[in-house]
Amino acid sequence: MSELERRLSDLGMVVPEPPAAIGNFVAGVVHGDLLYVSGTYGTIKDKDGTDIIPKPGKLGAELSIEDGYESARLMALNHLALAKLVVGDLDRLIRPVRLVGYVNAAPGFQNAPAVLNGASDLLISLFGKELGTHARMALYQHELARNAPIAGEVMFAVRS
């Protein structure tokens, strides 16, 4: 078990099975000392192993900031699962460098940063304040595939 997986375990979480791609792309690409992890959602596996979104919908309509925050945490766990799939050992991750989140927002909803904190807070808990703090952008979307509340991508610095 990697050190990051041990820290996740201490938080009562595990790295899930990676979500299936819904298009023609790979889980991530390592270029130099950066890992670009493909975009994903806050999904979980149902009993048949199918990726499902626990609470689909729009923030500011049928979903609360807290619902979005939890979806963003699940998204960050899926990013870690995809990173592990690409690099094999999560201890190769040095730090998150950049996180971009797309929030499925109802008209007038202006709290995307609070929603994306679900992913940011998890990364900071895992990597510590100094290494876990990252550049970030929270964007508003009028629709997301599968009616996901949030989608995002992350970039990590990696050891060779």
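Cut-offs used in this document
Residues numbered from 1 in each chain as written. Predicted model: local features only at pLDDT ≥ 70, side-chain atom pairs only at ≥ 80, totals over all residues. Heavy atoms only, no water. Salt bridge = Lys/Arg side-chain N within 4 Å of Asp/Glu carboxyl O. Helix = DSSP H or I, 4+ residues; strand = E, 2+ residues; numbered from the N terminus. Buried < 20%, exposed > 50% of the residue type's maximum accessible area, 1.4 Å probe, protein only. Phe/Tyr/Trp six-rings, centres within 6.5 Å; stacked < 30°, edge-to-face > 60°. Pairing = 2+ DSSP bridges. Axes fitted to C-alpha atoms, helices over the stretch in contact; angles between N-to-C directions. Contact = heavy atoms within 4.5 Å. Core = buried A, V, L, I, M, F, W, Y, C linked by side-chain atoms within 4.5 Å.

Looking now at the pattern of salt bridges. Under the defined criterion, the tally for this structure stands at seven salt bridges. With a closest N to O distance of 2.4 Å, Arg6 and Glu3 form a salt bridge. Taken together, the residues Arg6 and Glu3, both in helix α1 (residues 3-10) and three residues apart, mark about one turn of the helix. Look at Glu3 and you get partly exposed, because its relative accessible area is 31%. With its nearest N and O atoms 2.9 Å apart, the salt bridge here joins Asp67 to Lys55. Of this pair, Asp67 sits in helix α2 (residues 65-87) while Lys55 sits in the loop between β4 (51-52) and α2, placing them 12 residues apart in sequence. We classify Asp67 as buried; its relative accessible area is 19%.

Right, let's get into the packing of aromatic side chains. Considering all chains together, one arrives at one aromatic pair under this definition. Ring geometry for Phe127 versus Phe156: centroids 6.1 Å apart, planes at 35°, classification tilted. Of this pair, Phe127 sits in helix α3 (residues 112-132) while Phe156 sits in strand β7 (residues 150-158); the two residues are 29 residues apart in sequence, bridging distant segments of the chain. Take Phe156: its relative accessible area is 1%, and that puts it in the buried class.

Strand order across the open sheet formed by five strands is β1-β2-β7-β5-β6, with mixed pairing between neighbours. Of all strands in the sheet, those bounded by a partner on one side alone are β1 (28-31) and β6 (135-141). The average undirected angle you get between the axes of adjacent strands in this sheet is 15°. Where strand β5 (residues 93-104) and β6 come together, seven bridges link them in parallel fashion. What sits directly across from Val100, in β6, is Met137. Contacts from α2 reach β1, β2 (34-41), β5 and β7 within the one sheet, and its direction differs from that of β2 by about 135°. Against the sheet, α3 makes contact with β5, β6 and β7, and its axis sits at roughly 175° relative to β5, the strand it touches most.

What follows concerns the nonpolar core. In terms of nonpolar packing, the biggest core is built from 37 residues, with Leu8, Leu35, Leu93, Val103 and Phe156 touching the most fellow members. Contributions of two or more residues to this core are made by α1, β2, α2, β5, α3 and β7. Among the elements that line this core, the one with the most residues is α2, at 10 residues. Sequence-distant contacts of Val103, defined by excluding residues within four places in its chain, comprise Leu59, Phe109, Ala112, Val115, Leu139, Tyr140, Gln141, Leu144, Pro149 and Ile150. Within the second largest apolar cluster, five residues are counted, among which are Tyr41, Leu144, Ala148 and Ala151.

The next thing to look at is the environment of Met137. Its place among the elements puts Met137 in strand β6. It is 8.2 Å that separates the C-alpha atoms of Met137 and Pro113, two residues lying 24 residues apart in sequence.

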